[in-house]
Amino acid sequence: MSSFGDQTTVVDGPTRSASTTAANGVGADTGGKSRFDGEPLKPQPESSGKKSAANFSTSVDYMEEERPFFVKIGKDGLIAALQKLDQQLKNAGRGHVLSRKSPTDWIGREVNPGQIGLINHGGLPKILTRPGRYPGAPLRNWWARKWVGTCGLSDTVIEFGGLTVVQVSQNQAAVVSDPQNHVFVVKNSGFVAYAIEGTYNVLSIVDQTHLPTMIKDRITGVVLGWSHEVTMKSSTGSGTKQDYVVALFLNIPANNCAILQRGDDLELLPAGQHFITSPNVTLRGLFTLGENQIEMPTKDIFTRDQVPVSLTIYLKWQLTEPLKLTTHGYNTPYDALRDKTQSILTQIVAHLDYSSMVKQRSLGPDNLDDGTDASSAFLDALRTRAMDDLHLAALEYGIIMKDLAVIDRQFKGDIASTMDKLTTRALQAQVEAANVDRENSNKIKQEEGALAVARIKAQAQNTIADSEAYKIVAGAEAQAKKLQIEAEAQAKATRLAAEAEAEAIRLRAAADAAVVDQFAREMELRRTEVSRVRAFGPKAIFVPTDGLGSQLGNSMATGMAASLGALETRK
């Protein structure tokens, strides 16, 4: 990393100019490769009459030049640089800056490790570099000496009695003015200087990644970058002090760039961190290389039948060669496109009449005619020729047109007012007819909806009836099944009971047959007789069913039945 003097504004990082690809004059941290390598940014031809911008400034490293009592801080650090400065002062026959006092460990002013002590010796600076304690008077010679204090070895700026120490980190930049008022910038480095005549003034320590002033495109509002101006107070002849800008810092984000100017020469500055200290190099402007879009109102344009119309158009573009744009004297791409767009639209609308403009309410690529209308040829010309002509015109300024459309139009004048009224009436009639059609369509849809609801209700009732009938049938089948099962169970139970009774009778008969004793049989008959009388009561008369008595009973029953049958027949 280098630091450059008053006539230098380049630190690392390549740049491009209007006539060459290598130029000095701008400070940058870009990693050694331009963001625009392989991009359509091309140098202007030598025949354009421009001088080479390679001589924007002289590439002179302020800190690499041999200057009296000015030592660059190297890898050995601040102490080694102070020792080298002290040796230069001794060789020149001047007073040294390093004190000869030796530290102790028991009393005195204390200098800790990582610090240096400052002593004012008769108006001259003396530096204590060794840590320890330094006794005061009368233990040590402090004649014409005064203890000032301590500073850190890593402090960014130390200014004491004409001695100046500057050390900046990677993200810092120190703007310094030397005794001759030459301004230079120190980045990622440092120096120790002793001014015999004049002073080294540290004007500012700049944080390069957080510059305070945001730069926006005044048309699109896109952030183009950030900047910071460093000023220096200077006394004029009248004794008043005035601020002057001595350095400009730029932080340009990716896909953006800046244009520098020196006289008639232009130079392109890529994205990165840059600074400018040369008084004859100025910032022409910052630009974005991304896509931009805007809605632009035009001035009044007259149609073929002399009706004034004002259009609102939509523009979308991308700047690819900022040097071409600035070479033609434009500060923004919008300024270059505005006049061309107005001229092209004026030529096209002049061939359109009012009726065709009214019919085509929006003039853009989304509205396509079928070719049967007489005005479709003019509308096609608006969609094609306007875009083609504007694209060719934009290329001259290093701009690529992405899209063009007319999104609104406003007619003016008495003729336009009258025609607007007629057009409004026709539109109202169309709206009313559309409303009637909409109402009819709504009624039809309502009736269709009611019919669909009735159909659904009927289907629901049929479903309910089917379910009820199925329920009844299922219940009847279940009841019949129940009765069948009960009857079968009862019959089976009766059959089982009869079989059991018959089996009991057989067993009893077998038992009775097995009795062979006459007395036992007689006793069983008597027990049977007793059981019968007990069952029917003592007044019951038992008639034998065998013999003559039984036959007489049967005859009497037969006669009675015949008599009852004859009586029934007579009736």
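The structure displayed is predicted, hence computed values, not measured ones. (Residues numbered from 1 in each chain as written. Predicted model: local features only at pLDDT ≥ 70, side-chain atom pairs only at ≥ 80, totals over all residues. Heavy atoms only, no water.)

Regarding the side chain of D217
1) Next: Looking at where D217 falls in the secondary structure, it is placed in the loop between β15 (213-216) and β16 (223-235).
2) Next: Buried within the structure, D217 lacks any salt-bridge partner; R218 is the closest side chain of opposite charge, at an N-O distance of 6.1 Å.
3) Next: Residues within four places of D217 in sequence aside, it is in contact with V222 and L224. (Helix = DSSP H or I, 4+ residues; strand = E, 2+ residues; numbered from the N terminus. Buried < 20%, exposed > 50% of the residue type's maximum accessible area, 1.4 Å probe, protein only. Lys, Arg positive; Asp, Glu negative; His and termini not counted. Salt bridge = Lys/Arg side-chain N within 4 Å of Asp/Glu carboxyl O. Contact = heavy atoms within 4.5 Å.)

Quick notes on the sheet that holds strand β5 (residues 115-121)
1) Next: Ordered in space as β6-β5-β8, the three strands form an open sheet in which the pairing is antiparallel. Sheet topology places β6 (124-128) and β8 (145-152) at the edges, where each strand pairs with a single neighbour. Each adjacent strand pair in this sheet contributes to an overall mean axis angle of 25 degrees, direction not counted.
2) Next: Bridge count for β5 against β6 is five bridges, and the pairing is antiparallel. From the neighbouring strand, H121 faces β6, where its bridge partner is L124. (Pairing = 2+ DSSP bridges. Axes fitted to C-alpha atoms, helices over the stretch in contact; angles between N-to-C directions.)

Some words on the sheet that holds strand β14 (residues 201-207)
1) Next: Overall, antiparallel pairing links the three strands, which are arranged β12-β11-β14 in an open sheet. Since the sheet does not close on itself, it has two edges, and those belong to β12 (183-187) and β14, each with one partner. For this sheet, the mean angle separating the axes of adjacent strands, direction not counted, is 20 degrees.
2) Next: One ladder, built from five bridges, connects strand β11 (residues 172-177) with β12; its direction is antiparallel. What sits directly across from V176, in β12, is F184.

Some remarks on the pattern of salt bridges
1) Next: Applying the stated criterion across every chain yields a total of 12 salt bridges.
2) Next: With a closest N to O distance of 3.5 Å, E110 and R133 form a salt bridge. Separated by 23 residues along the polypeptide, E110 in strand β4 (residues 109-111) and R133 in strand β7 (residues 132-134) bring together distant segments of the chain.
3) Next: On the accessibility criterion, R133 (31% relative accessible area) is partly exposed.
4) Next: Here K402 ties to E291 by a salt bridge, and the two come within 3.8 Å at their closest N and O atoms. In this pair, K402 sits in strand β25 (residues 399-411) while E291 sits in strand β22 (residues 291-297), placing the two residues 111 residues apart along the sequence.

Regarding the nonpolar core
1) Next: L311, I313, L315, W317, I399 and M401 are the most contacted members of the largest nonpolar core, which has 36 residues in total.
2) Next: For this core, the secondary-structure elements that each account for two or more residues are β18 (256-262), β19 (265-269), β22, β24 (308-319), α2 (322-327), α3 (333-349), α5 (376-395) and β25.
3) Next: If one sorts the elements of this core by residue count, α3 sits on top with seven residues.
4) Next: Not counting the four nearest positions on each side in its chain, L315 is found in contact with N292, Q293, I294, M296, T341, L390, M401, D403 and L404.
5) Next: Membership of the second largest hydrophobic core comes to 20 residues, among which are L85, I127, L163 and V192. (Core = buried A, V, L, I, M, F, W, Y, C linked by side-chain atoms within 4.5 Å.)

Let's talk about a nonpolar patch on the surface
1) Next: Side chains of W106, I107 and L139 sit close together on the surface and give an oily, nonpolar patch of about 310 Å² of accessible area.
2) Next: Structurally, W106 is set in the loop between α1 (78-91) and β4.
3) Next: The class for W106 is exposed, based on a relative accessible area of 52%. (Patch = residues over 30% accessible without salt bridge, like charges linked within 9 Å, V, L, I, M, F, W, Y side chains within 5 Å. Areas by Shrake-Rupley, 256 points an atom, 1.4 Å probe, with all protein chains shown as cover.)

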